[in-house]
Amino acid sequence: MSYQRGSLKQLHRKEGETWVLRYRVTNTDGKRVEHILPVGLVRDFPKARDAWREVDKLALLTRVNHDTRDTRIRFNALAEHYLRNDFGADAVRPKTERTTLNTQQIVRGYLIPRWGKEIADDIKPLDIQRWLKSLHTEKNLAWTTISKFRGTMLRVYKVGILHEHVTRNPVLAVETRCTTNYKAILVTPQQTLAILQSLQNILHRILVLTCAATALRASELLALRWADVLWKQEKIAITKRWSRGKDGPTKSRRSEGHVPLHPALACHLKEWHAHTSYAKETDFVFPSLKAEGRVPISPAVFVADHLRPAAKAAGLQIAHGQRFGLHNLRHSLSNWLVNKAKVEPKTVQSILRHSRIQTTLDIYTQGDGDETRAAQGAFLKELGMASEMVQ
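These remarks concern the structure in this document. Owing to the predicted nature of the structure, the values given are computational and were not obtained by experimental measurement. (Residues numbered from 1 in each chain as written. Predicted model: local features only at pLDDT ≥ 70, side-chain atom pairs only at ≥ 80, totals over all residues. Heavy atoms only, no water.)

**Examining helix α10 (residues 263–275)**
Taking 1.5 Å per residue, 13 residues should reach 18 Å; α10 reaches 18 Å between its end C-alpha atoms and fits that length. Those residues of α10 not exposed but buried are A264, L265, A266, H268, L269 and W272. (Helix = DSSP H or I, 4+ residues; strand = E, 2+ residues; numbered from the N terminus. Expected span 1.5 Å × (residues − 1). Buried < 20%, exposed > 50% of the residue type's maximum accessible area, 1.4 Å probe, protein only.)

Structure follows, in structure tokens:
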């Protein structure tokens, strides 16, 4: 069947003059009959060209031409419609580049290959649940990852219902697990000190010390410039993260802010500032020497070539293929502050900048800048570095 563009027509409706898209379909008896799809009110789209733009926006021609025997939308068209509307210029909540890329991978890498050819309204909840379970049992995907698949598919249908492409959301009845079996390898202060002592390069030592004492995410560490180190205010400003070779927004709104800069840590950072060849305000705090400071150090190379060997030498049991990197230092500081130093959970949440305290601990308290600096100082003292503080 040749491609149908259809034609626009104005009809009188209760709501007012309405644009409709006319097209033809073949009935079960073989006869060609006219069907229509609503486009919008004439008062909202006074000219035909405006109505055609709305036709494109609603992907009506996709519905018309996808299957002339059944005008209901298929899942692949529904999913692509979701990507255009939930991630385009008209999105109510703007998405970061990373969120956009991750969602596109879920939709086009998993959802469309499995469900794309099926009529969206005909997909059954039990079939979805069985497929999600098979991703865990047969593909060995983590339940936390599978839970994201469910959430994305749920959103595809929600947007589809909003635009009247589908009548029901089968994902609502689907259940998945959202817990993970992953347990981070924790590094004690003594082991952290052993790692620091085994690292010969001062850049590597200061990188690990800063990560261990501030619990910054690796992407936030990499994005740091010297202008972000507020010496007089005893703070480090977190305003961005390094992602896909460029600066990007922080992980969440709560992530943007400051972390404390205890005098003991400031002393070591000042030593590195005096040593590095890249000490201008706009230079990276942890630059790639190979790239002559144009980009930050590569975390993957650093972890593989330096941090993992140093951690193993410090006595950590890291199996081949087991996850271990700078993020383990973030877990370790949180664990030590809560369980060893008995720091108020709200203060720990403030240091880690979690959006919800449940992520840190299911307790609510109050914290301020002095407490976070004192907590960081307690950790540095355990490392044996508080004695190197500024007089």
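**Examining a positive patch on the surface**
Side chains of R98, K148, R244 and K251 sit close together on the surface and give a patch of like positive charge. For K148, the position within the fold is in helix α6 (residues 143–162). With relative accessibility at 56%, the residue K148 sits in the exposed group. (Patch = residues over 30% accessible without salt bridge, like charges linked within 9 Å, V, L, I, M, F, W, Y side chains within 5 Å. Areas by Shrake-Rupley, 256 points an atom, 1.4 Å probe, with all protein chains shown as cover. Salt bridge = Lys/Arg side-chain N within 4 Å of Asp/Glu carboxyl O. Lys, Arg positive; Asp, Glu negative; His and termini not counted. Charge placed at Lys NZ, Arg CZ, Asp CG, Glu CD.)

**Notes on the pattern of salt bridges**
As enumerated under the stated definition, the model contains nine salt bridges in all. Here E220 ties to R217 by a salt bridge, and the two come within 2.8 Å at their closest N and O atoms. When its relative accessible area of 11% is taken as the criterion, R217 is described as buried. Its salt-bridge partner being R294, residue E292 comes within 3.3 Å of it at the nearest N-O pair. Taken individually, E292 and R294 each receive the classification exposed, so the pair is uniform in this respect.

**Some thoughts on the packing of helix α8 (residues 202–214) against helix α11 (residues 299–313)**
Where α8 contacts α11, the two axes come as close as 12 Å, and the packing angle between them is 95 degrees. Taken together, the axes of α8 and α11 are roughly perpendicular relative to one another. Where α8 approaches α11, its residues H204, L207 and V208 are matched on the opposing element by F302, H306 and L307. Classifying every residue of the contact of α8 with α11 by side-chain character gives four nonpolar, two polar and no charged. (Axes fitted to C-alpha atoms, helices over the stretch in contact; angles between N-to-C directions. Parallel < 35°, antiparallel > 145°, perpendicular 65-115°, else oblique. Contact = heavy atoms within 4.5 Å. Nonpolar A, V, L, I, M, F, W, Y, C, P; charged D, E, K, R; others polar.)

Distances and angles like these do not, on their own, reveal function.
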